[in-house]
Protein chains: 4
Amino acid sequence: MYNFKNDYSEGAHANILNKLLETNLVQQLGYGDDEYTSAAKALLKAKIDNPQVDIHFLSAGTQTNLLVISCLLKSHEAVISVQSGHIYAHEAGAIEATGHRIITVESMDGKLRPGNIEQIVQQHTLRPHVVKPRLVYISNSTEIGTIYQKAELEALSHCCKQYNLLLFLDGARLGNALTATNNDLTLAEISRLTDVFYIGATKNGALLGEAVVFNRPDIYPDFDYALKQKGALLAKGRLLGIQFLELFKSNLYFELADHANKMAMKIADATRELGYDFLTHSTTNQIFPIFPRHTINELHKKYLFFEWKQVDEDHSAVRLLTSWATPEKVVDEFIFDLKALQ
Amino acid sequence: MYNFKNDYSEGAHANILNKLLETNLVQQLGYGDDEYTSAAKALLKAKIDNPQVDIHFLSAGTQTNLLVISCLLKSHEAVISVQSGHIYAHEAGAIEATGHRIITVESMDGKLRPGNIEQIVQQHTLRPHVVKPRLVYISNSTEIGTIYQKAELEALSHCCKQYNLLLFLDGARLGNALTATNNDLTLAEISRLTDVFYIGATKNGALLGEAVVFNRPDIYPDFDYALKQKGALLAKGRLLGIQFLELFKSNLYFELADHANKMAMKIADATRELGYDFLTHSTTNQIFPIFPRHTINELHKKYLFFEWKQVDEDHSAVRLLTSWATPEKVVDEFIFDLKALQ
Amino acid sequence: MYNFKNDYSEGAHANILNKLLETNLVQQLGYGDDEYTSAAKALLKAKIDNPQVDIHFLSAGTQTNLLVISCLLKSHEAVISVQSGHIYAHEAGAIEATGHRIITVESMDGKLRPGNIEQIVQQHTLRPHVVKPRLVYISNSTEIGTIYQKAELEALSHCCKQYNLLLFLDGARLGNALTATNNDLTLAEISRLTDVFYIGATKNGALLGEAVVFNRPDIYPDFDYALKQKGALLAKGRLLGIQFLELFKSNLYFELADHANKMAMKIADATRELGYDFLTHSTTNQIFPIFPRHTINELHKKYLFFEWKQVDEDHSAVRLLTSWATPEKVVDEFIFDLKALQ
Amino acid sequence: MYNFKNDYSEGAHANILNKLLETNLVQQLGYGDDEYTSAAKALLKAKIDNPQVDIHFLSAGTQTNLLVISCLLKSHEAVISVQSGHIYAHEAGAIEATGHRIITVESMDGKLRPGNIEQIVQQHTLRPHVVKPRLVYISNSTEIGTIYQKAELEALSHCCKQYNLLLFLDGARLGNALTATNNDLTLAEISRLTDVFYIGATKNGALLGEAVVFNRPDIYPDFDYALKQKGALLAKGRLLGIQFLELFKSNLYFELADHANKMAMKIADATRELGYDFLTHSTTNQIFPIFPRHTINELHKKYLFFEWKQVDEDHSAVRLLTSWATPEKVVDEFIFDLKALQ
């Protein structure tokens, strides 16, 4: 059985494991004060092209989301997100557990737009009886594989400034977004257009690791305290530093994401040619083709994947996720099997 | 410079890294549903000699402490700990951040006794104006290297039952406690005498990892939700499972801890022979010899370590921590240098 | 200007103020241990016809909602409510601030139905990635003046038991519900069909006061601690005890609510006769007639009231709230003015 | 039995109840937007001699303490208090429940001094492993009846500025402090020397009410949201406004406190003349004479009071609290009875 359920089914890219072995017995200071972490931060600052950013390494996406959001908001302030946003749909109420409401809007393509924000702001004026919208949460790529174009992110950024809202971009799959064929954004532009964002590595070849970037050093200077207090500070911070160093010292981070995207697009192209439709127009490593029941059942004999949404009595959209580690021959085999089912 | 500051200055034991490499491309389910995690849990249950325990793997000690305590307590319930307890002294208010007071008592040897508990219970009866003591937190080994004898843990366990208190044992350095020459406890006995405890691996040869053990399955059956909600659930749970598997499939966990202890005891014996006194009577991998100022200054030229406490105008106790990775020849060199300073 | 904006524009019923004066210098124990509070609780237990209930007096509806819900839920457990529910629409995120998500459903008539609950339960099975629905919140009367029939409450109660959900009834306007002409419920039945509910007095003739009723004593025996810890325990608890004693020692509580309802129905009947339509079919003290813009503007010259919802370009529904203190001659005058505007 | 246990055994000063009756049917806006609240705030600003202050009325001391402290602190920031401070000793962990540690120091006379603060600051430098002291909590009068002299408050104020700490003064018994014979502070000076303080009325003749004063409007401009969200906003805010108006439109607030002090001092003087010693040197309405066991037992036949602390085998300090409502003839009778017991 090959698993197309997610992009974290394997361990880490070999370079990372080799570097862990190579540096294993070099003594380092704990809690992120090691040399690898420092070097990785310096490297990321250069890639982001902004020496003023404040960077911290965390272990997981939910951890990052809850820490960033709870640090930036006062108790009565709320988050705006699309309903499919990871913080609303798949984090077990992590944000509410820190005391904040998530105000959601439905979005067919997983993307938030200035019009959504304006409407929410206008619905929340009966002070002090309603929460105060204060932070906009978006993901790039989104939970359904779409990406933000530069013009879209600029419009959101402008809208947030207008309404005194912070803009936070969840980049758990940022590599996949930035290597999509229709992408026109860079790390530097994302840093310029958001208040905080993060660069996800767990889903792009690391054992674990998310690099959160505060784009101005005064946004939350006490984030180190928060890391420690919420249990997110690793004694062996080197584990995170080494991984980001390996992923970014060359172009590895983007190469791995590009591979994942290409594998998904190869399946998507073949699927489209076979006449199947899609739930969303994804250009990254997760695609949502719509198959008849029989096809799904047959594919499930050889492949693991999620049934995402029932479309009609006989058809459902499934989610196929490829990763940095997906072998092209598995992709070819899947396409072969799919063709055989017609 | 050799670093005696802590037991997490190096990476992980070679067996762990090799196993990570060996299993790297085997696809596994995410979030702790992988085969390695299952196998590691089964192995630990056998070692603990209790098939009913509920085991979860976490990344760090503070994370474990705050998750366990916040799950087990209602809002007005409080924790009892010695003042030097890690949750009070070094976790940035992590427990209070989850809403609970830590009631502390001073303890010269880092250990809590039934008499301390009784006194605190008696001081907290003015319901509902005072908090309700509900959980007793101890560490084994303690923050200053001492360990609990079986009779002491039995007395604590009995006292907790008498006052309807939960007993939680922080085992960040449990390996060091259980391999100390004066230890008379086993994993199985600790499981029988406490409500919850954990087996720390971060400080004993793992990259990261703490195995929390609920000794009865009904103590908090929803801990999986808590793990996810607080950001403690790793997508690649295999990283934790593999490490515990490697540490416990043989006797490696205890061998590593034993080595750390022996290195510390070798320094302690030599130091004692040279006529120096100690702040505490430690039998594990952290020792607190008292040196004159000049000696400390000279040692600091070659070794990193903490000055723990000033004893008089010219003397301070220092903390020397050895680990699974401390080479015996460094220990010998340190002893040689110390002798030369007399 | 007469104020139809709410039912808390005046002070308290004269009986209450007179009793406060009469008992003013009688010394009493503090924090709810006074004789009036004891007597009021005994009286309510008799009215509820259940000696086992556990009753506590609080100061305000939001305070009551947040205390009850936060005591009854674990961190990852969530509340189900209609979108117009007070906890979602008008409490500044009070529930989320205690750490819990409110899962909402739209409801035209302000009422929740078993089908809503079932759907939500079915959407929240992906453990541990989604919150766990655990408590159902309803109001009687609802935020838009409708009430639950006995059969409806029985159906909800049954559905909650089936899915292991707690049923909590917000009775901020319970008096208005129980005196509505179409009501077929009693206090005793509400106690039998819910887990917790409260009897609101702030909106029915008291200066302040909500009596929360836990229908079984084991639901949350430590609620006294919660009251103190969250700042809800009044030093002079007599202030609450005396008020409930006055409201319930005779039939005053229900007489006041009945008056409020009658005043609203009188306006509603006249409005209907004049040919105006309504947004909802209310039988209690808040009604939502739909008026043309011109009529609203004219009425606003003499009366304060909320514009609730725009219906079309020229029409809006307004909210008119009557109270225990609304003089019938003001009602007559309003009807007269409304007729004159045709 | 006469009750000397506390200063909230009676209702409210007659002026307050009469004003409640007089204004009872005047319609007012809800949630503190009524005319009485506005007038009371204006009056207090004048008394404080600072038009810039931001004033809010709350219901209880614990409520006020937890709201102020939780609004002013970030998650990892801590409070400094004496061990006998109300927030530490008698509020059921209310501050910790909002996420913050209280760092305590012992103090024989209930007062905090700059030396205490300096020591605590110096002990909390191991960032990010320890909490960050950020707010100093004091009470005037203290929990044991002593008061701060102007020079003492100036020294604290200066020390707080030096270490970037906020100074918060709990004035639950501020009237008693400001009318003590050894007082040399004014409301205006307290406003100048602290960041936030409150003027307690619950313990000085009101049914309930604490007026919190933010001495600069930018300290926490969103406090109205916090009031609503934490359940502290009363629908009938007039209840608080009217009471403060009555207490401060004349000198009533200070006259009531002065009376309470005089009654306590009369007992204290007589007790001292009889040769009894005291636990503390109080100049306000709570005194702590030390009596032999026999005397305590005899007094308990006619009077309610707390036994505060055992002094030796045969002697204990008791707490006698007088109030605005304590009749002088009861005081005389107590003195008579005490004399008779010699």
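Residues numbered from 1 in each chain as written. Chains lettered and ligands numbered in written order. Predicted model: local features only at pLDDT ≥ 70, side-chain atom pairs only at ≥ 80, totals over all residues. Heavy atoms only, no water.

What UniProt records for chain A under Sequence similarities (unreviewed entry) is the sentence "Belongs to the threonine aldolase family." Per UniProt, the comment on chain A under Cofactor (unreviewed entry) is "pyridoxal 5'-phosphate". (UniProt positions renumbered as here; feature names shortened; annotations may be inferred.)

What follows deals with the overall build of chain A. Assigned secondary structure in chain A consists of 14 helices and 13 strands. In terms of overall size, chain A behaves like a compact globule, its C-alpha atoms giving a radius of gyration of 20 Å where 342 residues would be expected to give roughly 20 Å. Dimensions of chain A, computed from C-alpha atoms along their principal axes, come out at roughly 60 × 60 × 35 Å. Accessible surface for chain A amounts to roughly 11,800 Å². Of this, 51% is attributable to carbon and sulfur atoms. Averaging the coordinates of the 33 positive side-chain charges in chain A and doing the same for the 40 negative ones gives two points 4 Å apart. (Helix = DSSP H or I, 4+ residues; strand = E, 2+ residues; numbered from the N terminus. Rg over C-alpha atoms; globule rule 2.2 N^0.38 Å. Areas by Shrake-Rupley, 256 points an atom, 1.4 Å probe, with all protein chains shown as cover. Lys, Arg positive; Asp, Glu negative; His and termini not counted. Charge placed at Lys NZ, Arg CZ, Asp CG, Glu CD.)

With that out of the way, let us pick up the sheet that holds strand S3 (residues 77–82) of chain C. All names here are of chain C. One open sheet accounts for 7 strands, arranged S2-S8-S7-S6-S5-S3-S4; its pairing is mixed. Two strands close off the open sheet at either side, each with one partner strand: strand S2 (54–58) and strand S4 (102–105). Geometrically, the sheet is characterised by an average inter-axis angle of 25 degrees between neighbouring strands, direction not taken into account. As defined by bridge partners, strand S5 (residues 132–139) adjoins strand S6 (residues 166–170) across 5 bridges and the pair is classed as parallel. Bridge pairing links serine 139 to aspartate 170 in S6. Taken strand by strand, helix H3 (residues 61–72) contacts S2, S3, S5, S6, strand S7 (196–200) and strand S8 (210–214), and its axis lies near 20 degrees from that of S8. (Pairing = 2+ DSSP bridges. Axes fitted to C-alpha atoms, helices over the stretch in contact; angles between N-to-C directions. Contact = heavy atoms within 4.5 Å.)

What follows is about the relation of the copies chain B and chain C. Rotating chain B by 180 degrees and moving it 0.0 Å along the rotation axis overlays it on chain C with an RMSD of 0.0 Å. Such a combination of turn and shift is consistent with a two-fold rotation axis. Considering only C-alpha atoms, the residue of chain B closest to the rotation axis is lysine 74 of chain B, which sits at 4.4 Å. The residues that chain B uses at the interface reappear at the interface of chain C in 100% of cases, marking a shared surface. (Least-squares fit on C-alpha atoms with pLDDT ≥ 70 in both.)

What follows is about the interface of chain B and chain C. Facing 19 residues of chain B, the contacting portion of chain C comprises 19 residues. The largest contributions to the chain B side of the interface with chain C come from His76, Arg127 and Tyr225 of chain B, which together make up 33% of the buried area. Taken together, the connections running from chain B to chain C amount to 8 salt bridges. Here aspartate 224 of chain B and arginine 127 of chain C are joined by a salt bridge, their closest N and O atoms 2.6 Å apart. Scanning the region where chain B abuts chain C turns up 14 residue pairs in polar contact (both at pLDDT 80 or more). If one sorts the elements of the side of chain B that touches chain C by residue count, helix H10 (residues 223–229) of chain B sits on top with 4 residues. A per-class count over the side of chain B that touches chain C returns 7 nonpolar, 4 polar and 8 charged. (Buried area = accessible area lost by both parts, 1.4 Å probe. Salt bridge = Lys/Arg side-chain N within 4 Å of Asp/Glu carboxyl O. Polar contact = N/O pair within 3.5 Å; in protein donor to acceptor, adjacent residues only side chain to side chain. Nonpolar A, V, L, I, M, F, W, Y, C, P; charged D, E, K, R; others polar.)

Across the boundary between the two partners, chain B contributes 51 residues, which contact 52 residues of chain A. Of the roughly 4,000 Å² buried between chain B and chain A on both sides combined, carbon and sulfur atoms contribute 58%. Together, Tyr8, Gln27 and Lys236 of chain B form the three largest contributors to the area buried by chain B at its contact with chain A, with a combined 18%. Applying the counting criterion to the chain B and chain A interface returns 0 salt bridges. The interface formed by chain B and chain A contains 30 residue pairs in polar contact (both at pLDDT 80 or more). If you list the elements that add at least two residues to the side of chain B that touches chain A, you get strand S1 (2–3), helix H1 (14–22), helix H3 (61–72), helix H5 (94–97), H10 and helix H11 (238–249) of chain B. In terms of residues, the side of chain B that touches chain A owes the most to one element, H1 of chain B, which gives 4 residues.

Let's shift gears to the UniProt feature "domain: Aromatic amino acid beta-eliminating lyase/threonine aldolase" (unreviewed entry) in chain A. Listed under "domain: Aromatic amino acid beta-eliminating lyase/threonine aldolase" (unreviewed entry) in the UniProt record, and renumbered for this structure, are residues 31–288 of chain A. Each end of residues 31–288 of chain A is marked by a C-alpha atom, and these two atoms are 41 Å apart; helix forms 42% of the span and strand 16%.

On to unusual backbone geometry. Cis geometry marks the peptide bond from asparagine 140 of chain A to serine 141 of chain A, where omega comes out at -5 degrees. The phi torsion at aspartate 49 of chain B lies on the positive side, around 60 degrees, for a residue other than glycine. Mapped onto the elements of the fold, aspartate 49 of chain B is located in the loop between helix H2 (35–48) and strand S2 (54–58). Its relative accessible area of 61% is what places aspartate 49 of chain B among the exposed residues. Located in the positive-phi region is tyrosine 31 of chain D, a residue other than glycine, with phi close to 60 degrees. Looking at the secondary structure, you find tyrosine 31 of chain D in the loop between helix H1 (14–22) and helix H2 (35–48). (Buried < 20%, exposed > 50% of the residue type's maximum accessible area, 1.4 Å probe, protein only.)

Let us now look at the sheet that holds strand S6 (residues 166–170) of chain A. All names here are of chain A. Taken together, the 7 strands give an open sheet; going across it, the order is S2-S8-S7-S6-S5-S3-S4, and neighbouring strands pair in mixed fashion. Bordering the open sheet on either side are strand S2 (54–58) and strand S4 (102–105), each of which pairs with just one other strand. Strand after strand, the sheet turns through a mean of 25 degrees between neighbouring axes, direction not considered. Contacts between helix H11 (residues 238–249) and the sheet are confined to S2, strand S7 (196–200) and strand S8 (210–214), with S2 contributing the most and set at about 110 degrees to the helix.

Moving on, we come to the domain arrangement of chain A. Residues and elements named next belong to chain A. As assigned here, chain A comprises domain 1 (2–7 + 253–340) and domain 2 (15–250). Using C-alpha coordinates to define each centre, domain 1 is positioned 27 Å away from domain 2. In this complex, domain 1 contributes 19 residues to the contact, which on the side of domain 2 involves 27 residues. When domain 1 packs against domain 2, the two sides together hide about 1,900 Å² of surface, and 54% of this comes from carbon and sulfur. (Domains from an automatic or database assignment.)

The next point concerns the packing of aromatic side chains. By the definition in use, this model includes 60 aromatic pairs over all chains. With a centroid separation of 5.3 Å and an interplanar angle of 90 degrees, the aromatic rings of tyrosine 253 of chain B and phenylalanine 254 of chain B are classed as edge-to-face. Note on tyrosine 253 of chain B: relative accessible area 1%, which makes it buried. Where tyrosine 137 of chain C meets phenylalanine 168 of chain C, the ring centres are 5.9 Å apart and the plane angle is 65 degrees; that geometry is what we call edge-to-face. Residue tyrosine 137 of chain C is located in strand S5, and its partner phenylalanine 168 of chain C is located in strand S6; the two are separated by 31 residues in the primary sequence. Like tyrosine 137 of chain C, the residue phenylalanine 168 of chain C is buried in the burial classification. Cluster of aromatic residues (ring-pair linked, three or more members): Phe57, Phe244, Phe248, Tyr253 and Phe254 of chain A. (Phe/Tyr/Trp six-rings, centres within 6.5 Å; stacked < 30°, edge-to-face > 60°.)

What follows covers the side chain of aspartate 195 of chain B. All names here are of chain B. By secondary structure assignment, the location of aspartate 195 is in the loop between helix H9 (187–193) and strand S7 (196–200). Accessibility expressed as a relative area gives 12% for aspartate 195, which makes it buried. In terms of polar contacts, aspartate 195 uses its side chain to reach the side chain of arginine 216, at 3.0 Å. Residues contacting aspartate 195, with those up to four places away along its chain left out, are Leu165, Leu166, Leu167, Val213, Phe214, Asn215, Arg216 and Ile219.

We now examine the relation of the copies chain B and chain A. Relating one copy of the chain to the other takes a rotation about an axis and a shift parallel to that axis. When chain B is fitted to chain A, the residual RMSD is 0.0 Å, and the transformation amounts to a turn of 180 degrees plus an axial shift of 0.0 Å. Most of the interface of chain B is mirrored in chain A: 100% of its interface residues are interface residues there too.

Before going further, it helps to examine helix H14 (residues 328–340) of chain D. Between its first and last C-alpha atoms H14 of chain D spans 18 Å; for 13 residues at 1.5 Å apiece the expected length is 18 Å, and the two agree. Contacts made by the buried residues of H14 of chain D are with strand S1 (2–3), helix H12 (252–273), strand S11 (289–292), helix H13 (293–299), strand S12 (303–304) and strand S14 (315–321) of chain D. (Expected span 1.5 Å × (residues − 1).)

All names here are of chain B. Most of strand S6 (residues 166–170) is tucked away: 5 of the 5 residues are buried. In S6, alternate side chains face the same way, and those of Leu166, Phe168 and Asp170 on one face and Leu167 and Leu169 on the other are all buried. The handedness of the strand S5 (residues 132–139) to S6 crossover, carried by helix H7 (residues 150–162), is right-handed. Both S6 and S7 contribute to a ladder of 2 bridges, which runs parallel. (Right-handed = clockwise from strand over helix to strand, strands pointing away.)

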